[in-house]
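# Residue-level structure breakdown
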Amino acid sequence: MKKVLIIEDEPNIRELILYNLEANGFRGIGADDGIMGITLVHIEKPDLILLDIMLPGKNGYDICKELRGEGNQTPIIMLTAKSDEIDKVLGLEFGADDYITKPFGIRELMARINAVLRRVEEKE
């Protein structure tokens with residue numbers, strides 16, 4: 001069972017995603033701030049990370065840069081309300097594998113999670 005870590009400070013969004021991950025055969029783990037999120041990446045070793053940008057403690061850009069700087073290649077999908085082109089470009093340049101803006105459809109989110117995981121498995 002693939003493990004997905006959601007680093008999202010909005011409880012309703014985090015719980016909605018966790019519910020839908022589990023309904024689709026994933027093990028979901030949630031963190032509500034950047035510090036807890038980075039800690040859980042190291043403890044849980046997820047197969048994929050869903051990462052908000054605007055987080056208390058440590059923002060998503062910094063988390064992404066830190067993980068990539070450590071050599072961590074866990075796929076990251078940024079899931080954020082920041083929809084300007086520069087925000088998307090920064091997220092991808094810092095090492096995110098995909099970028100989804102809020103509001104989002106749950107079917108699209110699940111399709112993107114599966115697509116990113118499929119690309120990773122093809123490389124292995």
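Use the structure listed above.
Described below are features of the structure shown in this document. Keep in mind the model is a prediction, meaning the values are calculated, not measured.

### Focus on the overall build of the protein
Within the protein, the secondary structure is distributed over five helices and five strands. Relative to the 2.2 N^0.38 estimate, which gives 14 Å for 124 residues, the radius of gyration of the protein is 13 Å and therefore close to what a compact globule would have. Its C-alpha atoms put the protein at 35 × 30 × 30 Å along the principal axes. Expressed as a percentage of its 124 residues, the buried residues of the protein come to 44%.

### Thoughts on unusual backbone geometry
Cis peptide bonds are those with omega within 30 degrees of zero, and the linkage from Lys102 to Pro103 qualifies with -5°. With respect to the secondary-structure elements, Pro103 resides in the loop between strand E5 (98–101) and helix H5 (106–123). The residue Lys45 is not glycine, and still its phi comes out positive at about 50°.

The rules behind the values
- Residues numbered from 1 in each chain as written.
- Predicted model: local features only at pLDDT ≥ 70, side-chain atom pairs only at ≥ 80, totals over all residues.
- Heavy atoms only, no water.
- Helix = DSSP H or I, 4+ residues; strand = E, 2+ residues; numbered from the N terminus.
- Rg over C-alpha atoms; globule rule 2.2 N^0.38 Å.
- Buried < 20%, exposed > 50% of the residue type's maximum accessible area, 1.4 Å probe, protein only.

That is the geometry; function is a separate question.
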